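# Observations on chain architecture
So you can see what is in the structure, the chains are spelled out below.
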Amino acid sequence: MPLDSPPPSPGCPVRVAFSGGMDSTVLLHWLASSPAVRADGLRALHVDHGLQPGSAAWAARCAEVCAGLGIAFESRRVAVHDAGDGLEAAARAARYDALADGLVPGERVALAHHRDDQAETVLLRLLRGSGEGLAAMRPLRRFGAGWLWRPLLDQPREALARYAREHGLAWIEDPSNATDHADRNFLRRQVLPRLADRWPGAAAGLARSASLLAGQADLLSGEDARRLAQVQGLDPATLSVPALKALAPGWRDRVLRRWVRDLGLPPLPPAGLRAITGELLPAREDGEPAFAWSGAVVRRWRDLLYAGPTMPPLPADFAQAWDGRSPLALPTGDVLSLSPASAFDAPLRVHARQGGERLVLPGRAHSSELKHVLQDLGLPPWLRARLPLLSGPGGELLAAGDVAIAAPLHDWLAARGACLRLQSPAMPRPR
């Protein structure tokens, strides 16, 4: 959409990511020029990373600009912690977390990325060996409760500079942009100008390639979803090992990446694909190989792959009395409760497994070894290790979590119309 035309009205509230730099100042002014955009709800959010000495003054300047335009303004200070991917990546992650927080359902977060930014992104991802990432930034994509919107993505940087001059806009100059320390700055200051000298349309060509690749990626995405559905178990967090083995290697890698992404887990690294193909899929059915990364894990057990966040076992020395009146928080983060809340005839002992436990299941005259009961239920070993056991005052085993209930406790619950519940920490929300 040319900047000399009114901005499109998305028909929903818009939150502008307003840094105070030239690009976001142009975007904010342009959107504010539209009565329709204002009527739908226009506000600005400034994220202060605290990485520059004058960052507090920048926030104050952004507040002044918004006040002059009559736009609601909010500034948030975030903590930036380098987790090993560099300060630039850490700042970006903190910024996006702040932008996603408090979104109205369906609201758009407007970002000022333009065509030259897109060209830089394509080059960065090429240099880092990305695959589908070469599709680079999308004009519109899901983001938290709303959407990320880049209405200026087809505009060159010069168009934004011209708009700023014509409207007499003032903006903040980040001193870090004058250095080549950051990879993106190096490309912007050193590489792209050289490319443009030789190929004047270099930035436009790179952006056009990204757009074409995005279209191809969308087509492949539909096929990824279809193939994933063919190998997925009743539980979305599981995949059939035989079905995965039947896929061609290229499709298998795509399905695995799509599976992990849809579960809301961190992107599966190349080492993960190699481990799954070379170790997990060929493993014996009685093995328990796993690949862990960034707080997530993929495991093989029997004929299934399981994916989810890494979850610790219940400490072996854990033991606590519980009367059932209120939920019991466990060291694993799980919560044990009675529904509806009630009180046991006498407090029960909640503790970790030690091995060799037995219980009498409903309808049986003899006790069964707990290990075999849990195996017969198809409960994977890492989930068994988290199960709290409930024992009565005399030491008799009454339950293993809420999956195996002994006859005495089963009858007690049935007489009161109650049930025992073990709730795990919230899993990442599927996308």
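The structure contained in this document is the topic of the report that follows. (Residues numbered from 1 in each chain as written. Predicted model: local features only at pLDDT ≥ 70, side-chain atom pairs only at ≥ 80, totals over all residues. Heavy atoms only, no water.)

## What about the pattern of salt bridges?
Quick reminder of the rule: A side-chain nitrogen of Lys or Arg and a carboxyl oxygen of Asp or Glu constitute a salt bridge if their distance falls within 4 Å. In this description a helix means any DSSP run of H or I spanning at least four residues, a strand means any run of E spanning at least two, and both kinds are numbered starting from the N terminus. Burial classification: accessible surface area is computed with a 1.4 Å probe over protein chains only, and a residue below 20% of its type maximum counts as buried, one above 50% as exposed, and the rest as partly exposed.
Per the stated rule, a full pass over the model turns up 21 salt bridges. Salt-bridge contacts for Arg43 lead to Glu107; the nearest nitrogen and oxygen are separated by 2.7 Å. Placement of Arg43 in strand 2 (residues 42–48) and of Glu107 in the loop between helix 4 (87–100) and strand 4 (108–110) is noted, with a sequence separation of 64 residues between them. Classification of Arg43 as partly exposed rests on a relative accessible area of 23%. With a shortest N-O distance of 2.7 Å, Glu74 and Arg76 are connected by a salt bridge. On the basis of relative accessibility, which here comes to 28%, the residue Glu74 falls in the partly exposed class. Each of the salt bridges in this network shares a partner with another, and the network as a whole consists of Asp116, Asp117, Glu120, Arg157, Arg184 and Arg188.

## A short note on helix 8 (residues 202–231)
Operational definition: Helix span, expected: 1.5 Å multiplied by one less than the number of residues in the helix. Whether two residues touch is decided by their heavy atoms; if any such pair falls within 4.5 Å, the residues are in contact.
The end-to-end C-alpha separation of helix 8 is 42 Å, in line with the 44 Å expected for 30 residues at 1.5 Å each. Within helix 8, the full set of buried residues consists of Ala202, Ala203, Gly205, Leu206, Ala207, Ala210, Ala214, Ala217, Asp224, Arg227, Leu228 and Val231. Of the surrounding elements, those touching the buried residues of helix 8 are helix 5 (115–127), helix 7 (183–198), strand 7 (238–240), helix 9 (241–245) and helix 10 (249–262).

## Regarding unusual backbone geometry
Backbone geometry follows two general trends: most residues other than glycine have a negative phi, and most peptide bonds adopt the trans configuration. Following Ser339, the chain continues into Pro340 via a peptide bond in cis, with omega recorded as -5°. Positionally, Pro340 belongs in the loop between strand 13 (335–339) and strand 14 (348–351). Of note in this structure, Ser294 is not a glycine but carries a positive phi near 45°. Looking at where Ser294 falls in the secondary structure, it is placed in the loop between strand 8 (290–293) and strand 9 (296–301).

## Topic: the packing of aromatic side chains
Just so we agree on the cut-off: Classification of ring pairs uses Phe, Tyr and Trp, with its six-membered ring standing for Trp, and accepts pairs whose centres are within 6.5 Å; under 30 degrees between planes counts as stacked, over 60 as edge-to-face, and the remaining range as tilted. A ring has a charge above it when a Lys NZ or an Arg CZ is no more than 6 Å from the ring centre and no more than 35 degrees off the ring normal.
Applying the stated criterion across every chain yields a total of 5 aromatic pairs. With a centroid separation of 5.8 Å and 25° between ring planes, the pair formed by Phe291 and Trp293 is classed as stacked. For the pair shown, Phe291 and Trp293 are each scored as buried. Chaining the aromatic ring pairs together yields one cluster made of Trp322, Phe344 and Trp412. Seen from the ring of Trp149, Arg108 lies directly overhead, with NZ or CZ sitting 5.1 Å from the centre. Just above the ring of Trp147 sits the side chain of Arg142; from NZ or CZ to the centre is 4.4 Å.

## Details of the sheet that holds strand 12 (residues 328–329)
What counts, and what does not: A strand pair is defined by DSSP finding two or more bridges across the two strands.
Read across the open sheet, the 3 strands follow the order 12-13-20; overall the sheet is antiparallel. A strand with exactly one partner marks an edge of an open sheet, and here the two such strands are strand 12 and strand 20 (419–423). Of the pairings in the sheet, the one linking strand 13 to strand 20 comprises 5 bridges and is antiparallel in character. Bridging across to strand 20, Leu336 finds its partner in Leu422.

## Concerning the sheet that holds strand 6 (residues 146–149)
Just so we agree on the cut-off: Note on geometry: axes are C-alpha line fits, over the in-contact stretch for helices, and angles between N-to-C directions span 0 to 180 degrees.
Sheet architecture is open: 6 strands sit in the order 3-2-1-4-6-5, paired in mixed fashion. The sheet terminates laterally at strand 3 (72–77) and strand 5 (140–143), the two strands that pair on one side only. Recorded for the sheet is a direction-independent mean angle of 30° between the axes of neighbouring strands. This element, helix 3 (residues 55–69), spans strand 2 and strand 3 of the sheet and lies at about 170° to strand 2.

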